[in-house]
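Fold and geometry: a report
Residue strings, one per chain:
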Amino acid sequence: MKSFIQLFLLLSITASLSAQNYDESKIPDYTLPDLLIDKNGGSVTSADQWEQRRRDEVLSLFQQQMYGGVPDFNYEMAYQSRPLDVGRATAYTQEEVIISISNDRGAIELNMLLTLPATSEKPVPVFLGLNFQGNQATNSNPNISVTDNYVIGSDQLGVIDNRATEQSRGSRASRWPVDLIVSEGYGLATINCGDIDPDFDDDFKNGIHSLLEQPPLADQWGTIAAWAWGLSRALDYLQEDERIDGRKVSVIGHSRLGKAALWAGASDQRFALVISNDSGCGGAALSRRRIGETVKAINTSFPHWFCKNFHLYNDKEDKLPLDQHMLMALMAPRPVYVASAVEDEWADPKGEYLSLYKAGPVFRLYQFKTLSAETPPAVDSPVATDRQGYHIRSGGHNLTPYDWQQFIKFAGSQW
Ligand code: GTR
């Protein structure tokens, strides 16, 4: 009976996925909302006008219709740092920074694994990104705490029933090539996304939501916005630590955590560089292309990721008053890098490129050179302009050392 039910579930998932379009010629005609026309129909022709009139309008659209705004609530933060023995590694130091966030309703702790080059004459730039399986999975140091919080992953990664086991140690180290990162003079900070908000639909009761009285309204945060908020709290700490150059913190994320990195970068302009890796629908990919994962597909599988208003656009992408090129434009004048993978069709690599390309008019208001070709570059041939970088890597949905090499190179060209 059990295997019959499993077969039935598998067939229904396959049927619903095969309903998705992967054929470029079947993309419906669409028109993207104009970045440089404000809500009263006025043209935006300078960087000043963008910043004073249009940027807030665009940001509010994403808050109200897609990711959800953060409700007002009071909280206190405290930090505590615990140095870790790194064994024979000499190139870097490691510590766990516990960021406690509390109010009279409750408390959560974000455990941030901070890896810094062992020697540096000046404060170092840092990459900050959330992880899926806990800090212990990002690095093989046996002294890193195994998270007790909810994690996402399979038994091959040492995760059983959304809990990390000892076997998870280092199981995702290839996604966090710390030797490469520190050898280029950068630090790395990472937190289990489940420390901020566990990634399942519980009607917004756990994680950071436990500190609020009310469940979110239709235009208030889902889980992606909660993760982005947590990234900003991590940045609060990083900007206070004197070993770190708080003006050079890049926010990075893969897949759903790439969506969170983009929203963090858009909503918090203290992030100096924003990096999206294979973030797909609800991240870098244009929603109107409806190729691979669609708005309906994502809201059905993950009803808790976006605000409730976003569900109104299931099968109605054309009614969205926004699209993801507007999210990219919110990064301007700061640099933004988008990475795709050629086999990651579910994430619509071409749509990920196009949103960056279509954000060009806003970067040009700042006199920056922007991507010149509407067609994505060849596989494994990164392109970069003043403030935009992109590559499409061979292979599938993953975060690899190749991706990091490009991010580091691009960051290096910015400062
Ligand atoms: C998929 C989801 C994508 C992407 C991915 C991930 O199942 O459809 O939007 O976020 O998960 O995060 O690995």
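Residues numbered from 1 in each chain as written. Predicted model: local features only at pLDDT ≥ 70, side-chain atom pairs only at ≥ 80, totals over all residues. Heavy atoms only, no water.

**Focus on the pattern of salt bridges**
Throughout the structure, instances matching the rule amount to 24 salt bridges. Its salt-bridge partner being Glu57, residue Arg54 comes within 2.8 Å of it at the nearest N-O pair. On the criterion of helical spacing, the pair formed by Arg54 and Glu57 is a turn pair, its members being three residues apart in helix α2 (residues 47–65). The burial state of Arg54 is the same as that of Glu57; both residues are buried. Between Asp268 and Arg270 there is a salt bridge whose closest N-O contact spans 2.7 Å. Accessibility expressed as a relative area gives 30% for Arg270, which makes it partly exposed. Through salt bridges with shared partners, a single ionic network connects Arg288, Arg290, Glu317, Asp318 and Asp323. (Salt bridge = Lys/Arg side-chain N within 4 Å of Asp/Glu carboxyl O. Helix = DSSP H or I, 4+ residues; strand = E, 2+ residues; numbered from the N terminus. Buried < 20%, exposed > 50% of the residue type's maximum accessible area, 1.4 Å probe, protein only.)

**Describing the nonpolar core**
Residues Trp50, Phe62, Met112, Ile208 and Leu238 are the most contacted members of the largest nonpolar core, which totals 91 residues. In terms of residue count, the dominant contributor to this core is helix α6 (residues 223–238) (eleven residues). Discounting residues that sit within four places of it in the chain, Met112 has contacts with Glu95, Glu96, Val97, Ile99, Leu128, Asn135, Ala189, Thr190, Ile191, Ala234, Tyr237 and Leu238. Grouped together as the second largest cluster of nonpolar side chains are 20 residues, Val178, Tyr337, Ala339 and Ile408 included. (Core = buried A, V, L, I, M, F, W, Y, C linked by side-chain atoms within 4.5 Å. Contact = heavy atoms within 4.5 Å.)

**A closer look at the environment of Val126**
Checked against the element boundaries, Val126 lands in strand β4 (residues 124–131). Along the backbone, Val126 and Leu116 are ten residues apart, and their C-alpha atoms lie at a distance of 8.3 Å. When near neighbours in sequence (up to four residues on either side) are disregarded, Val126 contacts Leu116, Gly187, Leu188, Ala189, Leu238, Ile244, Lys248, Val249 and Ser250.

**Describing the sheet that holds strand β10 (residues 336–341)**
Taken in spatial order, the ten strands line up as β1-β2-β3-β7-β4-β8-β9-β10-β12-β11 in an open sheet, and their pairing is mixed. If you trace the sheet from one side to the other, it starts and ends with β1 (76–84) and β11 (383–384), each paired once. Taken together, the five bridges between strand β8 (residues 244–254) and strand β9 (residues 273–277) define a ladder with parallel strand orientation. Looking at the pairing, Ile252 lines up with Ile275 of β9. Along the sheet, helix α7 (residues 256–267) contacts β4, β8 and β9; its crossing angle with β8, the most-contacted strand, is approximately 140°. (Pairing = 2+ DSSP bridges. Axes fitted to C-alpha atoms, helices over the stretch in contact; angles between N-to-C directions.)

**Description of the confidence of the model for the protein chain**
Per-residue confidence for the protein chain gives a mean pLDDT of 95; residues scoring 70 or more make up 96%. The low-confidence segment residues 8–15, where pLDDT is below 50, has zero contacts with residues more than four positions distant or belonging to other chains. (pLDDT = per-residue confidence, 0-100.)

**Concerning the site of the ligand**
Lining the immediate environment of the ligand, one finds Ser255, Arg256, Lys259, Glu293, Ile298, Phe302, Trp305, Trp346 and His397. Between the ligand and Ser255, the relevant distance is 2.7 Å, taken from an oxygen atom to a side-chain nitrogen or oxygen of the residue. One nitrogen or oxygen atom from the side chain of Glu293 is found 2.6 Å from an oxygen atom belonging to the ligand. Notes on the ligand: free accessible area 320 Å², of which the protein chains cover 79%. Broken down by class, the residue content of the shell around the ligand amounts to four nonpolar, two polar and three charged. (Near = heavy atom within 4 Å. Polar contact = N/O pair within 3.5 Å; in protein donor to acceptor, adjacent residues only side chain to side chain. Areas by Shrake-Rupley, 256 points an atom, 1.4 Å probe, with all protein chains shown as cover. Nonpolar A, V, L, I, M, F, W, Y, C, P; charged D, E, K, R; others polar.)

**Considerations on α6**
Across its 16 residues, α6 extends 23 Å between first and last C-alpha, which sits within 8% of the 22 Å expected from 1.5 Å per residue. Most of α6 is tucked away, with 16 of its 16 residues classed as buried. (Expected span 1.5 Å × (residues − 1).)

**Let's talk about the packing of aromatic side chains**
Summed over the entire model, instances satisfying the criterion amount to 22 aromatic pairs. Centroid distance Phe73 to Trp229: 5.6 Å. Interplanar angle 40°. Geometry classified as tilted. Highlighted residues: Phe73 in the loop between α2 and β1 and Trp229 in helix α6, separated in sequence by 156 residues. Exposure remark for Phe73: the relative accessible area of 16% places this residue in the buried category. Trp229 gets classed as buried once you look at its relative accessible area, which sits at 9%. Ring geometry for Phe127 and Trp404: centres 5.3 Å apart, planes at 90°, overall edge-to-face. Taken as a pair, Phe127 in strand β4 and Trp404 in helix α12 (residues 401–414) lie far apart in primary sequence, 277 residues in all. Neither Phe127 nor Trp404 differs from the other in exposure class; each is buried. Pairwise contacts between aromatic rings join Phe127, Trp176, Tyr186, Tyr337, Trp404, Phe407 and Phe410 into one cluster. Directly above the aromatic system of Trp229 lies the positively charged group of Arg233, at a separation of 4.9 Å from the ring centroid. (Phe/Tyr/Trp six-rings, centres within 6.5 Å; stacked < 30°, edge-to-face > 60°. Lys NZ or Arg CZ within 6 Å of the ring centre and 35° of its normal.)

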